[in-house]
Amino acid sequence: MTGKPKTGEFERIARFFAPLSKPESGAFSLSDDAAVLDLSAGHRLVAASDTLVEGVHFFGDDPAADIALKLLAVNLSDFAAMGACPKTYLLNIALPDSIDDNWLKAFSSGLAQGQGQYRVTLVGGDSVSTHGPLTLSLTLLGEIPEGRELRRSGARDGDLIFVSGTIGDAALGVKLRRGMLDGLVDEDRAWLLERYLRPIPRLALGRALSGLASAAIDISDGLVSDLMHICRASGLAAELAAPAVPLSDGGRAALEADPALVETVLTGGDDYELLFAVPQDRAGEIGPLASKLDLPLTRIGHFRAGEGVRVIDAMGDEIEIPSPGYRHF
């Protein structure tokens, strides 16, 4: 971000973004005011939208390609949590004077990489200038077979709670970016930073959970906070066993150096793993699914009658969590 854009709005669209729309004929190479898209028979439209703001959701000197990939990933993660199939997206960008064409080239290259990886296509959007921070908003569109969507509201008393992958890595990666973690080996530092910069949406897992899980959500605001979202929507309480929460080698090393970081792991957010409920009589299907996807799926608690989330330690004592997760306002 070093200097003013060298191209105007329409030239910018034609140069950096219209090529990203070519796989979708109904996008008309971004030359019209709207795109015209088809849905498969027996499917319903799915839409999700997220906004990233410089200084809030990413650092201003993060690589532009990584910012683009993260913008895609956070929306794709919402689709993963519903078991939906993404197809196309709309992109709105508010650009400060500090954004130049080199940054836009790297950003659009990151989008192109993400499109190839996740099979989605840009079909429209808008770009404006701003005196404020760089602001990026993406709306993802796709579809799901009718009646197959996963919701937050489907958990039942006695259902088991599972998570994918490892938890807390992204929040610890942010602390690393701020120079707040010491004593980690290079391999662990690289892993935590990668998890912050390039989250992986669990799309294949989400599709596999459709018809198996009773409820699901992606972990964006923090494990405890997002578990609370399921509890509220389902009218239940949850008991979460902190020692069962899966950690990466880097996460484990950070906690060994500073056990107080357990709160960061439980509440930090930005992991974009899936948190989901499974009926007890179907829990035996989770191990084979984890093997098939080559993805750890770990049981961390259960739902019960009541309200709220109770976090317990290895002795069965409750851990007080002052703030359960990230709050935007």
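The shown structure was predicted, so the numbers you read here are calculated from the model rather than taken from an experiment.

A. Structural view of the sheet that holds strand β3 (residues 121–129). If you trace the four strands from one edge of the open sheet to the other, you get β1-β4-β2-β3, paired in mixed fashion. Every other strand in the sheet has two partners, leaving β1 (43–53) and β3 as the edge strands with one partner each. For this sheet, the mean angle separating the axes of adjacent strands, direction not counted, is 15 degrees. Of the pairings in the sheet, the one linking strand β2 (residues 85–95) to β3 comprises eight bridges and is parallel in character. By the bridge assignment, T88 is partnered in β3 with T121. Along the sheet, helix α1 (residues 9–17) contacts β2 and β3; its crossing angle with β3, the most-contacted strand, is approximately 145 degrees.

B. A look at the sheet that holds strand β10 (residues 308–312). The sheet built from six strands is open, its strands ordered β6-β8-β5-β9-β7-β10 with mixed pairing. Each of the sheet's edge strands pairs with one partner strand only, and the pair in question is β6 (215–218) and β10. Ignoring which end each strand starts from, the neighbouring axes of this sheet average 25 degrees apart. Bridge count for strand β5 (residues 160–164) against strand β9 (residues 297–304) is five bridges, and the pairing is antiparallel. Bridging across to β9, F162 finds its partner in R299. Across the face of the sheet, helix α2 (residues 64–82) comes into contact with β6 and β8 (274–278) while running at roughly 175 degrees to β6.

Cut-off values and rules
Residues numbered from 1 in each chain as written. Predicted model: local features only at pLDDT ≥ 70, side-chain atom pairs only at ≥ 80, totals over all residues. Heavy atoms only, no water. Pairing = 2+ DSSP bridges. Helix = DSSP H or I, 4+ residues; strand = E, 2+ residues; numbered from the N terminus. Axes fitted to C-alpha atoms, helices over the stretch in contact; angles between N-to-C directions. Contact = heavy atoms within 4.5 Å.

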